[in-house]
Amino acid sequence: MTTETLRDRLHAGEVVVGTFQLLNTPIAAELPGLAGCAFTILDQEHGPLSAETTLAMCSAAQQAGAAPVVRVRANEPAEIQRALDIGAAGVEIPQIASLADAQQAVHAARFAPVGGRGLSPYVRAGAYVGGPEYTAAENETRTVIVHIEGTDGVENIEAIAAVEGIDVLFLGPDDLSQSLGIPGEVEDPRVVEMMERVCAIAARESKVVGTYADTPAQARRWIDAGVQYIAVGVDATYLRRALETMVDAVEHA
């Protein structure tokens, strides 16, 4: 098991592959690491995960070798602080559309002097004792990922990308397509052009780009375009498709 953090690997230029988690159980969080994923995204925004179950899922993912990243429900300090306090390797923060949104996200996710994250050393992230190096270590090791999910975010991408403390600009293809009035059409040239534009600006600002892909072929396309942080598929969808394959094979054997 590597001792490098997810943030270390991204800033070293490595491409990291993971997935999204909706299933509200530590078993689901353990499986990506066992399968070789670098990270797993514990989805509180679109899934039923609570703080209590997310904590257990963070532990399971870490034991199996995957960095647990929590997608919080909103760009709110309490949401971001709780996810980091329970020991997430990083946070994904939705609906970042402006410079002010980006600054608010960083302020909540980083301790002073970079931000203003509320401090209690007596949490899982501080091994329940904290210590004199706790805040500096958290700022150095936790990955802050902001979601660019609409036309406003793309229009303001240069200002967002320049904000100190952001590690990854995560492009949400489905939300981008919806913002263009073509929901779900993630291969539409207008969506692709927006995403390619962000990739180019991120490269100039030395920011990592992340995105979601439904298939390995989509993932390879965006890796070739410069994406380093790639989430492929959703656990519940993988399970359903595997079961459908099994049922079909049995019924048509």
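Here, residues in each chain are numbered from 1, in the same order as that chain's written sequence. The predicted nature of this model means local features are confined to residues of pLDDT at least 70 and side-chain atom pairs, given and counted, to a pLDDT of 80 or more, with totals for whole chains, interfaces and linings taken over all residues. Hydrogen atoms and water are omitted, and side-chain values are computed over all heavy atoms in the structure.

(A) The arrangement of the sheet that holds strand β6 (residues 168–171) in detail. Spatially, eight strands are ordered β1-β2-β3-β4-β5-β6-β7-β8 in a closed barrel, and the strand pairing comes out parallel. Averaged over all pairs of adjacent strands, the angle between their axes in this sheet comes to 25°, without regard to strand direction. Note on pairing: two strands pair once DSSP finds at least 2 bridges between them. The helix and strand labels rest on DSSP assignments: H or I over at least four residues marks a helix, E over at least two residues marks a strand, and numbering proceeds from the N terminus. When strand β3 (residues 67–71) meets strand β4 (residues 90–93), the two strands line up parallel, connected through three bridges. Counterpart to Arg71 in the pairing with β4 is Glu92. Seen against the sheet, helix α10 (residues 189–205) touches β6 and β7 (208–213) and runs at an angle of roughly 155° to β7. Working convention: axes come from line fits to C-alpha atoms, limited for helices to the stretch in contact. Angles between N-to-C directions cover 0 to 180 degrees. In what follows, a contact means two residues having at least one pair of non-hydrogen atoms within 4.5 Å.

(B) The nonpolar core, seen in detail. What we call a nonpolar core is a set of buried Ala, Val, Leu, Ile, Met, Phe, Trp, Tyr and Cys residues that are connected through their side-chain atoms within 4.5 Å. Burial here depends on accessible area, computed with a 1.4 Å probe over protein chains only, as a share of the maximum for the residue type. Under 20% is buried, over 50% is exposed, and the range in between is partly exposed. Residues Ile80, Val91, Ile93, Ile96, Ile160, Ile166 and Leu169 are the most contacted members of the largest nonpolar core, which totals 50 residues. Tallying contributions element by element places α10 first for this core, with eight residues. Other than its neighbours up to four places away in sequence, Ile160 contacts Ile96, Ala97, Ser98, Leu99, Ala102, Val146, Ile148, Gly153, Ile166 and Leu169. With 18 residues, the next largest nonpolar core counts Leu6, Phe20, Ile41 and Val208 among its residues.

(C) Quick peek at the environment of Ala28. Among the structural elements, Ala28 can be located in helix α2 (residues 26–35). Counting along the chain gives 95 residues from Ala28 to Val123, while the straight-line C-alpha distance between them is 24 Å. Those residues in contact with Ala28, other than ones at most four positions away along the chain, are Gln21, Leu23 and Asp235.

(D) Fine view of the packing of helix α4 (residues 77–85) against helix α5 (residues 99–109). It is at 8 Å that the axes of α4 and α5 come closest, and there the two elements cross at 40°. When the axes of α4 and α5 are compared, the pair comes out oblique. The chirality of how α4 crosses α5 is right-handed. Here Pro77, Ile80 and Leu84 of α4 lie close against α5, whose contacting residues are Ala105, Ala108 and Ala109. Note on residue classes: Ala, Val, Leu, Ile, Met, Phe, Trp, Tyr, Cys and Pro are nonpolar, Asp, Glu, Lys and Arg are charged, and everything else, Gly too, is polar. Residue composition of the contact of α4 with α5, by class: six nonpolar, no polar and no charged. Here the angle decides the label: under 35 degrees means roughly parallel, over 145 means roughly antiparallel, 65 to 115 means roughly perpendicular, and every other value means oblique. Definitions for this section: a left-handed crossing has its near helix turned counterclockwise from the far helix by less than a right angle. A right-handed crossing has that turn clockwise.

(E) The arrangement of the packing of aromatic side chains in detail. The pairing test for Phe, Tyr and Trp rings, Trp by its six-membered ring, is centres within 6.5 Å, and the orientation test on the planes gives stacked under 30 degrees, edge-to-face over 60, and tilted for anything in between. Inspection of the entire model under this criterion finds five aromatic pairs. Arranged with centres 4.1 Å apart and planes meeting at 10°, the rings of Phe39 and Tyr229 form a pair that is stacked. With Phe39 in strand β2 (residues 39–43) and Tyr229 in strand β8 (residues 229–234), the pair connects residues that are 190 residues apart, well separated along the chain. Among the aromatic residues, ring-to-ring pairing joins Phe20, Phe39, Phe170, Tyr212 and Tyr229 into one connected group.

(F) Here's a closer look at empty space enclosed by the protein. Of the grid points, spaced at 1 Å and generated over the protein atoms alone, those admitting a 1.4 Å probe that cannot get out make up cavities, while open sets with protein on both sides within 12 Å along at least five of seven lines make up pockets; any residue with an atom within 4 Å of a point is treated as lining. Grid points are joined across faces, edges and corners, and a volume is the space filled by probe spheres set on the points. The final tally for this structure, using the stated rule, is one cavity of 30 Å³ or more. Of the voids in this model, the largest cavity is the one considered here, and its volume is about 100 Å³. At the level of elements, α9 (173–179), β7 and α11 (216–224) are the ones that each hand at least two residues to the lining of the largest cavity. In terms of residue count, the dominant contributor to the lining of the largest cavity is α11 (three residues).

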